[in-house]
Structure formats: C-alpha cells, structure tokens
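The residues making up each chain are set out below.
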Amino acid sequence: MSKENWFLIILVLLLAFLPLTESRFYVFLGTDILIMGLFAVSLNLLLGYTGLVSFGQAAYFGIGAYTCALLMKKGSVAFPLAFAAAAVFGAIAAMIIGFFCIRMTKIYFAMLTLAFSQIVWAIAFKWNSLTGGDTGLIGVNFPAHLDSPIRFFYFTLAVVALSFYVLRKLVNSPFGRILTTIRENPERTEFIGINVKLFQLIAFMISGFFAAIAGALFGIFNHSVFPDFIFWPQSAEVLIMSLLGGIYNFFGPVVGAAVLLYLRMQVTSFTQYWPLILGTILALLLFFFPGGIVGFLKSRQVFTRKNQCS
Amino acid sequence: MSLPDPSFLVIQCLSGLTYAMFLFLIASGLSLIFGILRVLNFAHGSLYMLGAYLTYYFVSQFVNAPGQFWWAVIFASLSVAIIGGIIERFLLSRLYIREELNQLLFTYALVLILSDFAKIVWGTGQLSVSRPAILKGAVPILDQYFPEYNIFIIILGPAIALLFWLILHRTRWGRFIRAAALDREMLGSLGVNVNRLFTLVFAIGAWLAGLGGALVSPLVAIVPGMDVEIIINAFIVVVVGGLGSFWGTLLGALILGQVTSFGILVLPRLSMVFIYVLMAVVLILRPWGLLGKPLQR
C-alpha cells in the first residue's frame, strides 16, 4: 500500500477520535477542514492534475449548497435525496459550463470560468423569491439522525473519506494518468490519439460533482447558504488553500485547507485583519515556497524512494 | 408602458457615459499591463481605491489652498503610480519566470494586503470629498439638470484616451511599448531595457487606476470594498473590448456604462446577470474581444 493510502487511513482513524476530546471547538474546526479540504481537492483535480486553472470553482460549491438546502427547506425532500441531487446538479452545471470553458486556453479559461461563476452568483443574489437574495437561506437545519455537531462530524468524515478514496483511485487509474499527460503537454496527448477536450470535460464534471458535495455539506454545517459562497473571492480562497498545501500532491490541498482554517480561527480571535495576514502568507508562499507546504517538505527529504512529484 | 420622458433618457445616458469614462480609465491601465506584461492585475481595483483614499488625504492636507482638489488629484494619482512602480520593480518582476498563476495570485495577495492597509489607515467608515469649487454647478439639459463635474469627466475621458493613443503611436517610448507587446525578447536583444520598460508600463497603468480613483472620489462614498466592486467590471470591459486593445477598452467601457445605466431601469433583476452573460458570450465567440486581435502565441 502506498504511503498516501496509509496517510488517509491514519488520518481517518485519528479524526474518528476527535469528538472524544469533547471540545466543540475541535469538532467544529475538524468539520470545517474536512469540507474545505474536499472542496480544495476537487479543485486540484483540475489545477494540479489536469493543468486547468479554474477561477470559478465556487460556482459548483454554491450550486451544491443551494440545491441541497432548497430541496430540504422548500421542497421538503429527504436529506439523502437532496444531498445526491446536489452532487448531480453540480456535475450537470459543470458539464454545461465546462463545455464552453475547455475550448479556452490558459488565461481565457480562467476568465471564462470566472465569468460563469459570477453569472451563478448574480442569479443567486438577484433571484429573491427562490434563493432569498442577499439575505440568503437561513435556518438550514441538521437533517434527521444527524442532529448534533458530533453526528454531523462523523457523517462528514465518512463522506469526505469516501470521496478521497474514490478520487485517489481515479487519479491513479489510467484515466488519471491521461489527465497528467494532458497537463504536461496537451498537443502531444492529442497526437497519440487521445481526445483531450473530452478528458478535460470529464475531469471538469468530476470536479464539479465533488465541489457540490462539499457545498451541500457546508450549507448544513453553516446552517445557512449565502450568495457569498459563490462570489469570486471564495474561488480565490480555495485556490490559495490548494497552492498553500501543494498542488502536486493528492493531500496537499487538504493540508493547505487545514493550515489556513486553523490560522484563521486563531488570528481572527485577536485581530480583524485576517486578509492582511492571508495576503502576506500568500505572497511569502509565492516567493519562497512555490511548491506549497507538502512540496517543501518533500524537497527536504534526501532519501526519497521514488520521485512522486511527477 | 408609456414612453419615458426624453430628457430623462438623456440624463440616464449621460450618467452611463460618466461611469463609462471611469471604467475606461481603470480598464485601460489593466489592459495596458496585460498587453505588455501578460499579467492579469487583480490589484488594479486596489490601486483605484488607493487613489480615492489618497485624494481624501491630500484634500485634507491642502485645506484652504487654491485648487486643493486638483492638487490632491495630481498628488494622489502620482503616488499610486510610484507605488505601482515599486511593486513591479521589487516584487512582481521576480515572478515573471514562474507560471502565470503565480503572478495572478500575487496580485490577489496585494488585493488582500491593500484592502486591510486602507482599513487600518482610514478606518471602515464612509469618507467623502467635495466637488471642486469651479465645477459645483449643474447644467440645464432639456428640462433637467446635470452636474458640471460629470460633464468635465465625460470630456476628460476621451482627452486622456487621445493623449494615450498619441503617446503609444507617436513617441519613441510608445513604439517600445507596442514592440514589447509583440516580442519582448527581440526588443531586449535590440538594446532596449525591457525591465525598465515593464516598470514604466506598470507605473502608467497604476497611474490610470489612481487617477480614476482620484476623480471618482467626489461622486461616490469612499469605502472599503470599492476595490473588489470595480475590478470585476474592469475585467468585463477589457474582456469584451479585447485584452490589450486600446479602442476595444473604450468600446467595452461605453457598452458596460450604458448597460449598467439603462439595465437598472428596464430589467433591474437581470442587468447584473446580463453583464456577466455578455462577458461569457464574448469570451466564447471571440476570446480576443470585440476589437482585439487573436494572440499569435
């Protein structure tokens, strides 16, 4: 078994004992990190594995959050169904948006993903009768059987661990190898007979699917859904998380999410100037640790058995 | 629905035009920087915000001086240009060898840092600057009144556009700048100091943003958050007009100005959605924008 699979198992086991600390703070933080970690990993499927810089990942996160919350609150749909619908809606939205975006390259791809996410944001912001507009959807309660922070934590842990397992299988499969090949050289990949656009679109959909799952979880975790979930700084923040952890490692973005959320929790308790600190961290990272935290730790290892940073 | 009053339509069109001129000032700097440096500068809205705050600062410093507003505009916009130059020279220039994403994220780091910087220095309250004395009045248009200051802006916008066009097309440095947009390596090997040129271009772009912020300060409340608000609209302008295209930026600004001004009247719900749809449609059909040229590389 690879080192990263062990990492996943140990992480899940450790986290499973987290509620024993009986600290509401750690349960809260743990749930937050798991959800944002999944969100960041979903983005990294595009960013680190396929080489597509999406600047509109918040769109699928938001669609997931709104779909699940709306179906539960206004449609009185049972939670499992609403949750599944959220993921499917995320994938469908990603398919439609991705269909246009994958035709673009580099900066134009980033701009178009941004434009689409802003469309989704503007709709959520303006469609008062459905989404509640600026005030958002308030009072999204824990579903039945998951009606305590600890139960919801375990549910999140199970969903996120399962998602990571599936995504890891995926990136280590021939499909995942093709994505990496596309990242390294799209033209050559085309030459060896691979339909690059199709693979990019599928990656985009999978990414949207898991981002929507993260969004659906976050809406319930937060007990409310706001248009801000979709606003572009949210897309920027998840990019920063991925980059902070390291985009050339599967769990890099999770590490980034954990470090960032923990820091924010600590920093905001004594100063309101969190953006200043986040900006400084980001700038330092770009200048001195372009490989992120995981990339930095790996580069320090002298005896690596094989070069895993492909 | 009865036909709206014609004078009302004219006023609405003129307000759209005023807004378009601010958009043009900011977006032309953004487009210039992208055209030459290939950096999408998220911090451009922050430089605009800084221009507005600095104008407030200089106005309060020059109380009772004749023409205090105008001096404040000059000092504020030049300060922003210098700040831009320093950022490019000492920070951004070190990231050119890295991936584009790193430059983009660095400018986003600047957004975060500068927004809190403004909050620390000037607080979170609304600040305002009064209009300069000689432009305090209003001009009768049909049976309504339109502020003189806005008319000044509508005239100033094209004047600055013309000035820039002349600099770019009729001067030696303008030729260097245009050459750098096409092939920076070749320009460097011909003996032009490309690094200095890049700093200059970034400083000019920052100056335009600072000027936009300085000139808008009498018309809006100076608040934190005005940076994030303007930057997306400036992006839409350059994308619709064409990244790196001068006239495209002007066209994009005019379109967005009018859409914003009339969209709120006709379909208040959909106007905001519409401008993003416009951006997406242009990107899909003509990624290089309405008046831009496709990238060779």
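Residues numbered from 1 in each chain as written. Chains lettered and ligands numbered in written order. Predicted model: local features only at pLDDT ≥ 70, side-chain atom pairs only at ≥ 80, totals over all residues.

For the rest of this paragraph, the subject is the overall build of chain B. On a plain count of helices and strands, chain B comes out with 11 helices and two strands. What you see in chain B, going N to C, is helices and strands ordered as α-α-α-α-β-β-α-α-α-α-α-α-α. Based on the C-alpha atoms only, the size of chain B along its principal axes is roughly 60 × 50 × 35 Å. Every one of the 297 residues in chain B was classed for burial, and the buried ones make up 47%. Long-range contacts, defined as pairs at least 24 residues apart, comprise 76% of the intrachain contacts of chain B with a sequence gap of at least 6. (Helix = DSSP H or I, 4+ residues; strand = E, 2+ residues; numbered from the N terminus. Buried ≥ 20, exposed ≤ 12 C-beta atoms within 10 Å, placed from the backbone. Contact = placed C-beta atoms within 7 Å.)

What follows concerns the overall build of chain A. Secondary structure summary: chain A contains 14 helices and two strands in total. Against the compact-globule benchmark of 19 Å for 310 residues, chain A has a radius of gyration of 19 Å, which places it among compact chains. Overall size of chain A, expressed as C-alpha extent along the three principal axes, is 50 × 45 × 40 Å. For chain A, the proportion of its 310 residues judged to be buried stands at 48%. (Rg over C-alpha atoms; globule rule 2.2 N^0.38 Å.)

Counting residues at the interface gives 29 residues for chain B and 31 residues for chain A. Of all the secondary structure elements, the ones that give two or more residues to the side of chain B that touches chain A are helix H4 (100–122), helix H9 (226–241) and helix H11 (271–285) of chain B. Split by residue class, the side of chain B that touches chain A holds 22 nonpolar, two polar and five charged. (Nonpolar A, V, L, I, M, F, W, Y, C, P; charged D, E, K, R; others polar.)

A few words now on the pairing of strand E1 (residues 138–141) of chain B. Relative to strand E2 (residues 144–147) of chain B, E1(B) is paired through four bridges, and the arrangement is antiparallel. What sits directly across from Pro140(B), in E2(B), is Tyr145(B). (Pairing = 2+ DSSP bridges.)

Moving on, we come to the packing of helix H4 (residues 79–101) of chain A against helix H10 (residues 196–221) of chain A. Residues and elements named next belong to chain A. It is at 7 Å that the axes of H4 and H10 come closest, and there the two elements cross at 145°. Every pair of crossing elements has a handedness; the one defined by H4 and H10 is right-handed. Here Phe 83, Ala 86, Ala 87, Phe 89, Gly 90, Ala 91, Ala 93, Ala 94, Met 95, Gly 98 and Phe 99 of H4 lie close against H10, whose contacting residues are Leu 201, Phe 204, Met 205, Ser 207, Gly 208, Phe 209, Ala 211, Ala 212, Ile 213, Gly 215 and Ala 216. (Axes fitted to C-alpha atoms, helices over the stretch in contact; angles between N-to-C directions. Left-handed = near helix turned anticlockwise from the far one by under 90°.)

What follows covers the environment of Ala115(A). Structurally, Ala115(A) can be placed in helix H5 (residues 106–126). Sequence separation of Ala115(A) and Leu198(A) is 83 residues, and the distance between their C-alpha atoms is 22 Å. Other than its neighbours up to four places away in sequence, Ala115(A) contacts Tyr276(B), Met279(B), Ala280(B) and Leu283(B).

Counting 200 residues, the largest nonpolar core has Ala212(A), Leu23(B) and Ile26(B) as the members making the most contacts within it. Those residues in contact with Ala212(A), other than ones at most four positions away along the chain, are Tyr60(A), Phe61(A), Ile63(A), Gly64(A), Ala86(A), Ala87(A), Phe89(A) and Gly90(A). (Core = buried A, V, L, I, M, F, W, Y, C linked by C-beta atoms within 7 Å.)

Let us now look at unusual backbone geometry. Backbone geometry at His223(A) places phi at a positive 60°, although glycine is not the residue there. With respect to the secondary-structure elements, His223(A) resides in the loop between H10 and strand E2 (224–225). Residue classification places His223(A) among the partly exposed residues on the basis of 13 C-beta atoms within 10 Å. Positive phi outside glycine occurs at Arg38(B), with the angle close to 60°. Position of Arg38(B) relative to the elements: it lies in the loop between helix H1 (6–37) and helix H2 (44–61).

With that out of the way, let us pick up helix H11 (residues 232–245) of chain A. Residues and elements named next belong to chain A. Taking 1.5 Å of rise per residue, the 14 residues of H11 would be expected to cover 20 Å, and the 21 Å separating its terminal C-alpha atoms lies within 8% of that figure. Counting buried positions along H11 yields 13 of 14 residues, so the element is predominantly enclosed. Gly 246 sits one or two residues past H11 and shows a positive phi near 125°. (Expected span 1.5 Å × (residues − 1).)

Let us look at helix H12 (residues 252–267) of chain A. Think of an α-helix as 3.6 residues a turn; residues three or four steps apart then line up on the same face. With 16 residues, H12(A) ought to run about 22 Å at 1.5 Å a step, and its terminal C-alpha atoms sit 22 Å apart, in line with that. Looking at the buried positions of H12(A), the neighbouring elements they touch are helix H2 (24–50), H11 and helix H14 (292–300) of chain A.

All names here are of chain A. Looking at where Leu 179 falls in the secondary structure, it is placed in helix H8 (residues 174–184). Taking the number of C-beta atoms within 10 Å as the measure of exposure, Leu 179 has 27 and is therefore buried. As for Leu 179 and Ala 211, which are separated by 32 residues in sequence, their C-alpha atoms are 18 Å apart. In this structure, Leu 179 is in contact with Tyr 49, Thr 50, Phe 199 and Ala 203, ignoring residues within four places of it in sequence.

As a further point, take the confidence of the model for chain A. For chain A, the mean per-residue pLDDT works out to 86, and 96% of the residues sit at or above 70. Predicted confidence is poor over residues 302–310 of chain A, with pLDDT under 50, and the contacts of this stretch with residues over four places away or in other chains come to four contacts. (pLDDT = per-residue confidence, 0-100.)

Residue and element names in this part refer to chain A. Across the interface, helix H3 (residues 58–73) lies against H4 with an axial gap of 8 Å and an inter-helix angle of 145°. Here the hand of the crossing between H3 and H4 comes out right-handed. On H4, the residues that touch Ala 59, Tyr 60, Ile 63, Gly 64, Thr 67, Cys 68, Leu 71 and Met 72 of H3 are Phe 79, Ala 82, Phe 83, Ala 85, Ala 86, Ala 87, Phe 89, Gly 90, Ala 93, Ala 94 and Ile 97. Classifying every residue of the contact of H3 with H4 gives 16 nonpolar, three polar and no charged.

The next point concerns the environment of Val225(A). Residues and elements named next belong to chain A. Mapping Val 225 onto the fold places it in strand E2. Of the residues examined, Val 225 has 29 C-beta atoms within 10 Å and is grouped as buried. Taking the C-alpha atoms as reference points, Val 225 and Cys 68, separated by 157 residues in sequence, lie 9.9 Å from one another. Excluding its chain neighbours within four sequence positions, the residues that come into contact with Val 225 are Ala 65, Tyr 66, Ala 69, Gly 136, Leu 137, Val 140 and Gly 219.

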